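Descriptive analysis of the structure
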Amino acid sequence: INDFSYLHTNCFELSIYVGCDKYPHESELPEEWENNRESLIVFMEQVHRGIKGIVKDVHGKGIPNAVISVEGVNHDIRTGE
């Protein structure tokens, strides 16, 4: 579903596995969290990188369905309505 969401909507989803066991036992979760806490927090902070904003017309109104392209990235996105 992650690839579909990225290609057909403006939604970028990730699935992150921090070990080889896809379904670790409940008793292993605290240790897995401690082993990966700092890197996961730093990763989540990266949401503030890049370009973000609102596409507006000359009157300051939002432009629905405006196409946004980035040179070198083969995936345009559209603004919401």
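With an unreviewed UniProt entry as reference, the protein is termed CPXM2 protein, source organism Loxia curvirostra.

What to know about the overall build of the protein
When helices and strands are tallied, the protein shows 2 helices and 2 strands. Mapped from its N terminus to its C terminus, the protein presents α and β elements in the order α-α-β-β. Relative to the 2.2 N^0.38 estimate, which gives 12 Å for 81 residues, the radius of gyration of the protein is 18 Å and therefore markedly larger than a compact globule would have. Its C-alpha atoms put the protein at 55 × 25 × 25 Å along the principal axes. A buried classification covers 6% of the 81 residues belonging to the protein. The contacts in the protein between residues at least 6 apart in sequence include a share of 19% that link residues at least 24 apart.

Some remarks on the layout of surface pockets
The rolling of a water-molecule-sized probe over the atoms marks out the regions of remaining empty space. Approximately 770 Å³ is the volume attributed to the largest pocket. Lining the second largest pocket are Ile16, Tyr17, Val18, Gly19, Cys20, Asp21, Lys22, Pro24, Glu28, Leu29 and Glu32. Within the lining of the second largest pocket, the residues separate by chemical class into 6 nonpolar, 1 polar and 4 charged.

Overview of the pattern of salt bridges
All told, the structure shown has 1 salt bridge when counted by the stated rule. Measuring nitrogen to oxygen at the nearest pair gives 3.2 Å for the salt bridge that ties Arg37 to Glu34. With a gap of 3 residues between them, Arg37 and Glu34 both fall in helix H2 (residues 29-45), about one helical turn apart.

Looking at unusual backbone geometry
Here Asn65, not a glycine, exhibits a phi torsion of approximately 60°, which is positive. With respect to the helices and strands, the residue Asn65 is situated in the loop between H2 and strand S1 (67-68).

Here's the deal with the side chain of His75
For His75, the position within the fold is in the loop between S1 and strand S2 (77-78). Owing to a relative accessible area of 15%, His75 belongs among the buried residues under this scheme.

Some thoughts on a nonpolar patch on the surface
Where nonpolar side chains cluster on the molecular surface, the patch consists of Tyr6, Leu7, Phe12, Leu14, Ile16, Val18, Phe43, Met44, Val70 and Val73 and spans about 950 Å² of accessible area. Every element with two or more residues in the nonpolar patch is listed here: helix H1 (2-8) and H2. One can find Val73 in the loop between S1 and S2. Take Val73: its relative accessible area is 41%, and that puts it in the partly exposed class.

Parameters and conventions
- Residues numbered from 1 in each chain as written.
- Predicted model: local features only at pLDDT ≥ 70, side-chain atom pairs only at ≥ 80, totals over all residues.
- Heavy atoms only, no water.
- Helix = DSSP H or I, 4+ residues; strand = E, 2+ residues; numbered from the N terminus.
- Rg over C-alpha atoms; globule rule 2.2 N^0.38 Å.
- Buried < 20%, exposed > 50% of the residue type's maximum accessible area, 1.4 Å probe, protein only.
- Contact = heavy atoms within 4.5 Å.
- 1 Å grid on protein atoms, 1.4 Å probe; cavity = no way out; pocket = protein on both sides within 12 Å on 5 of 7 lines; lining within 4 Å.
- Points joined across faces, edges and corners; volume = space filled by probe spheres on them.
- Nonpolar A, V, L, I, M, F, W, Y, C, P; charged D, E, K, R; others polar.
- Salt bridge = Lys/Arg side-chain N within 4 Å of Asp/Glu carboxyl O.
- Patch = residues over 30% accessible without salt bridge, like charges linked within 9 Å, V, L, I, M, F, W, Y side chains within 5 Å.
- Areas by Shrake-Rupley, 256 points an atom, 1.4 Å probe, with all protein chains shown as cover.

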